Amino acid sequence: NLAKQAAKLAVLVKNPERVRTITADIVQHYQDKIEPNGFKAQIVTFDRESCVTYKQALDQVLPPEASEIVMSLAQGDPAEWRTRYERSKDDEEKLLDRFRDPLDPLKFLIVTARLLTGFDAPILQAMYLDKPMKEHNLLQAICRTNRPFPGKTHGLIVDYIGIFDDVARAL
């Protein structure tokens, strides 16, 4: 029964029209509220396939250099993903350094499991959540946005999946 529920949720969450609509909302919000203050954002997606779908949707409305996917690849993933998204540790660290650089055009990191805990990028202000998360994973993820940075008074979480009932339980 849980497997059926998860499969139904995956179909809903990964619907391309839904992703396009959410992407448009994210970009509008980011350009209005986050970018003017010099901050950056993460988009937390349902799974690896969703990372790619969000990247494609973002590339339709922003320059491709404005976003990058950071994800671990699995054995059955498409070869195209390996070519585009598999990085050495050094290459990934260079990418993360670009994200931390206020002058770099990289504005969004798209993730599903990576960088949700232990990732330190004080310039990160907004996290757009489109993935069910619970308990300590959820708390650690949302804390990524609260690192002190000049001019930053707060972090911001935008919830597209309805997880904030779990925040109260986790606390």
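Structure: see above.
The structure presented is a predicted model; accordingly, all values stated were derived computationally and were not measured.

A. Summary view of the nonpolar core. Counting 47 residues, the largest nonpolar core has Ile26, Ile43, Phe99, Phe108, Leu109, Tyr128 and Leu129 as the members making the most contacts within it. Sequence-distant contacts of phenylalanine 108, defined by excluding residues within four places in its chain, comprise Ile26, Tyr30, Ala41, Ile43, Leu62, Ala66, Ser67, Glu68, Phe99 and Tyr128.

B. Main features of the side chain of arginine 18. Within the secondary structure, arginine 18 sits in helix H2 (residues 16-34). Within polar-contact distance, the side chain of arginine 18 engages the backbone oxygen of tyrosine 160 at 3.3 Å. In contact with arginine 18, other than residues within four places in its own chain, are Leu12, Val13, Tyr54, Asp130, Tyr160 and Ile161.

C. Highlighting the layout of surface pockets. Counted as a void, the largest pocket has a volume near 170 Å³. Per-element accounting of the lining of the largest pocket gives the leading share, three residues, to helix H5 (residues 89-100). Grouping the constituent residues of the lining of the largest pocket by class yields four nonpolar, two polar and six charged.

D. Quick peek at the sheet that holds strand E3 (residues 108-111). The sheet built from five strands is open, its strands ordered E2-E3-E1-E4-E5 with parallel pairing. The open sheet has two edge strands, strand E2 (67-69) and strand E5 (156-159), and neither has a second partner. Each strand axis lies, on average, 20 degrees off the axis of its neighbour in the sheet, ignoring direction. Both strand E1 (residues 40-44) and E3 contribute to a ladder of four bridges, which runs parallel. Paired with alanine 41 across the strands is phenylalanine 108, a residue of E3. Contacting E1, E2 and E3, helix H3 (residues 48-61) crosses the sheet at an angle of about 165 degrees to E2.

E. Expanded view of the packing of aromatic side chains. Under the criterion given, the structure shown has three aromatic pairs. With centroids separated by 4.6 Å and ring planes inclined at 50 degrees, the aromatic side chains of tyrosine 30 and phenylalanine 108 adopt a geometry described as tilted. You can see tyrosine 30 sitting in helix H2 and its partner phenylalanine 108 sitting in strand E3, a full 78 residues away along the chain. Phenylalanine 108 gets classed as buried once you look at its relative accessible area, which sits at 0%. A ring pair is formed by phenylalanine 99 and phenylalanine 119, whose centres lie 6.3 Å apart and whose planes are at 40 degrees; its orientation type is tilted. With phenylalanine 99 in helix H5 and phenylalanine 119 in the loop between E3 and strand E4 (124-129), this residue pair connects regions lying 20 residues apart in the sequence. The buried category is assigned to phenylalanine 99, whose relative accessible area is 0%. Judged by relative accessible area, which is 4%, phenylalanine 119 ranks as buried.

F. Inspection of H5 at higher detail. Look at H5: 16 Å from first C-alpha to last across twelve residues, which is about the 16 Å you get at 1.5 Å a residue. Among the residues of H5, those classed as buried are Glu92, Leu95, Leu96 and Phe99. Down the axis, H5 shows its buried residues gathered within 95 degrees of arc, on one side only. Exposed positions of H5 whose direction lies more than 90 degrees from the buried face are Asp90 and Lys94. For H5, the elements touching its buried residues are E1, E2, E3 and E4.

The rules behind the values
- For every chain, the first residue of the written sequence is number 1, and numbering continues from 1 onward in sequence order.
- A pLDDT threshold of at least 70 governs which residues receive local features in this predicted model, and a stricter bar of 80 or more applies before side-chain atom pairs are shown or counted, although totals over entire chains, interfaces and linings include all residues.
- In computing side-chain properties, one takes all heavy atoms of the structure into account and sets aside hydrogens as well as water.
- Definition used in this section: a nonpolar core is a set of buried Ala, Val, Leu, Ile, Met, Phe, Trp, Tyr and Cys residues joined via side-chain atoms within 4.5 Å.
- For each residue, the accessible area found with a 1.4 Å probe, counting protein chains only, is set against the maximum for its type, and the residue is called buried under 20%, exposed over 50%, and partly exposed in between.
- Here a residue-residue contact requires only that any non-hydrogen atoms of the pair lie within 4.5 Å.
- The helix count covers DSSP runs of H or I at least four residues long, the strand count covers runs of E at least two residues long, and both are numbered beginning at the N terminus.
- By the criterion applied in these results, polar contacts are pairs of N or O atoms within 3.5 Å in which, for protein atoms, one can donate a hydrogen and the other can accept it, and in which residues neighboring in sequence qualify only through two side-chain atoms.
- Using protein atoms alone on a 1 Å grid, points that fit a 1.4 Å probe yet trap it form a cavity, whereas open point sets bounded by protein on both sides within 12 Å along at least five of seven lines form a pocket; residues with an atom within 4 Å of a point count as lining.
- Grid points are joined across faces, edges and corners, and a volume is the space filled by probe spheres set on the points.
- In this classification, the charged set is Asp, Glu, Lys and Arg, the nonpolar set is Ala, Val, Leu, Ile, Met, Phe, Trp, Tyr, Cys and Pro, and all remaining amino acids, among them Gly, are polar.
- Strands are treated as partners if at least two bridges between them are detected by DSSP.
- Note on definitions: angles span 0 to 180 degrees between N-to-C directions of axes, and those axes are lines fitted to C-alpha atoms, for helices only across the stretch in contact.
- Any two of the Phe, Tyr and Trp rings considered here, Trp counted by its six-membered ring, make a pair once their centres fall within 6.5 Å; the pair's planes then place it as stacked at under 30 degrees, edge-to-face at over 60, or tilted in between.
- Multiplying 1.5 Å by the residue count of a helix minus one yields the expected span of that helix.
- Taking the helix axis as origin, the arc is that swept by the directions to the C-beta atoms.

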